Structure formats: structure tokens, C-alpha cells
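The lines below spell out each chain.
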Amino acid sequence: MNLNSISAFQDNYIWVLSQQNGDCLIVDPGEAAPVLTAIAEHHWRPQAILLTHHHHDHVGGVAALVEKYPHLTVYGPEETRTKGATHIVSDGDHITVFGSEFSVFSTPGHTLGHVCYFSHPYLFCGDTLFSGGCGRLFEGTPEQMYQSLEKIRSLPDDTVVCAAHEYTLANMKFAMSILPRDKGIIDYYNEVKELRAKNQKTLPVILKNERHINVFLRANDPDLIREIPEETKLLHPEQRFAWLRSKKDDF
């Protein structure tokens, strides 16, 4: 399979997995126009859509795509039922699209019903994990998001993380404010800064590397714990994650 990204809005990525014969699946099509352009350009044959959550910038293009391709199966969690999902998925489900099996797991936090899809090595994680960051907690709790990120953190090293937004540069600026002496973070920030200066994409990323540079995946890291003010007495990783997320919200 080939992995493709389509830019949408200001900073969204719509992901497409395609096969040699042109069959493809589309992940979180927030708008239809760029997807339809890519389909025509590559001679793709859409077979399915995967939805991670209900926000408009992830589902806004579903109706137009289904109108153009009525045979499309649209998979999504319960919260996407009114957004065009035809097959509702939930934690522990397995779906098969053109011979590839995808496991579905629940990742509440950004929204309560958010799910991720994993078919080794590809992870479609919507707005749960970004490179260097994680999604805002619009509906869920810090504890829920921490547990969701732990599920992702436990996936294989070679997992290809297909996040939905180009937030990497801003996330790495925040990471440097938390761990200003971390060489891995400094080096990655400089790499990302150079890529973005050339208007190049920073995604997808490999999970093994992400574990080192993403402070939200390092709630148990001694270096991070040392940076948290002692007076806060954050004894549990969920509390440290909540502290990080609140700092990022105000950054």
C-alpha cells in the first residue's frame, strides 16, 4: 500500500491509503474538493472512509464524497453517525478494507467518542496525537487523554503516525520551553524549523522517535519530572500530563 497526504484548510492532512490497482481508503476528509482532485490525478477508486471523530474539519467532506461515490462504506464512532458514518465502530472492533485489517481502539480526550485505526505500520490517530503534541481536551478529561496516549505509546516502534494537523513547529517550541536542555528536542526543533521554512510537511512520523521528542508521551520521564515545580507535588503521571496540557493551553 502507498500512503498519501492531502493538504486541506490551513493545516489539516487528509490521509489516503492506496493500492497498486487504484483502490483507496480516505481518512477524515474535512473537505471534499482536494480529495476529488487527488482522486482524479491519481486515478484512485475510493472504497471506504475512516472517521476518527465528529469535528467538522474531519467530516465536512463526507457528504460530497458519498454523493460522488455512493458505494462508499463510511466507518466511524457513534458520534459520527449524524456526520455520514454508515458503519459504527467501537473499541476492540476489527474492520477489513481491500484485504487489510484495521483494529479500532477508543481514545477519548479530544472528544469522548474519538477512535484510532491501526493496520501495521499505519496509525490514523486523528486529533489524539500530533508530532510533539496532543489534542486539546474539548470533551474528555486529562486522565482519559493520558490513557489514550498510553495506548498509542505501546504500539510497535515502527508505527507510522499519521496525525491530522501540521502543528509540529508550535509543539516543538513548547517542548523546548519545558525541556530546554534536551538535545533530542533541540535537534528535532531545528529540523522541523528548516522543513517548515521550505513549506515541507513534517508528517508522518515514526513512533519510536516520537516517544523521545513528545513531552506528552514522557509523563514518567525523570528529566520531565525534575522540571515540574516541587510545590505542585504531582505524584501520578496523569497529574503530570494534566499539568503539561494546561501549560500548553496557555503557551
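What counts and how
- Residues numbered from 1 in each chain as written.
- Predicted model: local features only at pLDDT ≥ 70, side-chain atom pairs only at ≥ 80, totals over all residues.
- Heavy atoms only, no water.
- Helix = DSSP H or I, 4+ residues; strand = E, 2+ residues; numbered from the N terminus.
- Rg over C-alpha atoms; globule rule 2.2 N^0.38 Å.
- Buried < 20%, exposed > 50% of the residue type's maximum accessible area, 1.4 Å probe, protein only.
- Areas by Shrake-Rupley, 256 points an atom, 1.4 Å probe, with all protein chains shown as cover.
- Lys, Arg positive; Asp, Glu negative; His and termini not counted.
- Charge placed at Lys NZ, Arg CZ, Asp CG, Glu CD.
- Domains from an automatic or database assignment.
- Contact = heavy atoms within 4.5 Å.
- Buried area = accessible area lost by both parts, 1.4 Å probe.
- Salt bridge = Lys/Arg side-chain N within 4 Å of Asp/Glu carboxyl O.
- Nonpolar A, V, L, I, M, F, W, Y, C, P; charged D, E, K, R; others polar.
- UniProt positions renumbered as here; feature names shortened; annotations may be inferred.
- Expected span 1.5 Å × (residues − 1).
- Arc of directions from axis to C-beta.
- Polar contact = N/O pair within 3.5 Å; in protein donor to acceptor, adjacent residues only side chain to side chain.
- Phe/Tyr/Trp six-rings, centres within 6.5 Å; stacked < 30°, edge-to-face > 60°.

**What about the overall build of the chain?**
Right, on to step 1. In terms of regular secondary structure, the chain is built from nine helices and 14 strands.
Right, on to step 2. Here the C-alpha radius of gyration of the chain, 18 Å, is about what a compact globule of 251 residues would show, namely 18 Å.
Right, on to step 3. Taken over the C-alpha atoms alone, the chain extends approximately 60 × 40 × 30 Å along its principal axes.
Right, on to step 4. Counting all 251 residues of the chain, 53% fall into the buried class.
Right, on to step 5. Surface accessibility of the chain: about 11300 Å² in total, with carbon and sulfur atoms responsible for 50%.
Right, on to step 6. Separation between the mean location of the 23 positive side-chain charges and that of the 32 negative ones in the chain comes to 5 Å.

**With respect to the domain arrangement of the chain**
Right, on to step 1. In terms of domains, the chain is made up of domain 1 (2–162) and domain 2 (169–250).
Right, on to step 2. Facing 31 residues of domain 1, the contacting portion of domain 2 comprises 25 residues.
Right, on to step 3. In total, about 2500 Å² of surface goes out of reach between domain 1 and domain 2, with carbon and sulfur atoms giving 60% of it.
Right, on to step 4. Counting across the domain 1 and domain 2 interface gives two salt bridges.
Right, on to step 5. The salt bridge partner of Asp249 is Arg136, with a shortest N-O separation of 3.2 Å.
Right, on to step 6. Contributing elements (two or more residues each) for the side of domain 1 that touches domain 2: β1 (2–8), β2 (12–18), β11 (129–130), β12 (133–134), α4 (142–153) and β13 (160–162).
Right, on to step 7. It is α4 that contributes the most residues to the side of domain 1 that touches domain 2, eight residues altogether.
Right, on to step 8. Of the residues assigned to the side of domain 1 that touches domain 2, the class counts are 18 nonpolar, eight polar and five charged.

**Examining the UniProt feature "binding site: Zn(2+) 1" (unreviewed entry) in the chain**
Right, on to step 1. Within the UniProt annotation, "binding site: Zn(2+) 1" (unreviewed entry) is assigned to His53, His55, His110 and Asp127. The greatest C-alpha distance among the residues just named is 9.9 Å, despite their covering 75 residues of sequence, which places them together in space.
Right, on to step 2. Here His110 shows up in the loop between β8 (100–106) and β9 (115–119).
Right, on to step 3. Judged by its relative accessible area of 4%, His110 is buried.
Right, on to step 4. His110 has contacts with His53, His55, Asp127, Gly135, Arg136, Leu137, Phe138, Glu139 and Met145, leaving out every residue within four places of it along the chain.

**Let's talk about helix α6 (residues 183–197)**
Right, on to step 1. If you check α6, its first and last C-alpha atoms are 21 Å apart, about what 15 residues at 1.5 Å a residue would give, namely 21 Å.
Right, on to step 2. By the burial criterion, the buried members of α6 are Ile185, Tyr188, Tyr189 and Val192. End-on, the buried residues of α6 take up no more than an arc of 105°, which puts them together on one face. Facing away from the buried surface of α6 by more than 90 degrees, the exposed residues are Lys183 and Ala197.
Right, on to step 3. On its buried face, α6 is in contact with α5 (168–178), β14 (205–206) and α7 (207–213).
Right, on to step 4. Capping the start of α6, Asp182 holds a side-chain oxygen 3.0 Å from the backbone nitrogen of Gly184, two or three residues further along.
Right, on to step 5. One or two positions beyond α6, positive phi appears at Asn199, with a value near 60°.

**With respect to the packing of aromatic side chains**
Right, on to step 1. Counted by the stated rule, this structure contains five aromatic pairs.
Right, on to step 2. Relative to Phe251, the ring of Phe174 has its centre 5.3 Å away and its plane inclined at 75°; by these criteria the two rings are edge-to-face. Separated by 77 residues along the polypeptide, Phe174 in helix α5 and Phe251 in the segment after α9 (237–249) bring together distant segments of the chain.
Right, on to step 3. We classify Phe174 as buried; its relative accessible area is 1%.
Right, on to step 4. Taken together, Phe174, Phe216, Phe241 and Phe251 form an aromatic cluster joined through their ring pairs.

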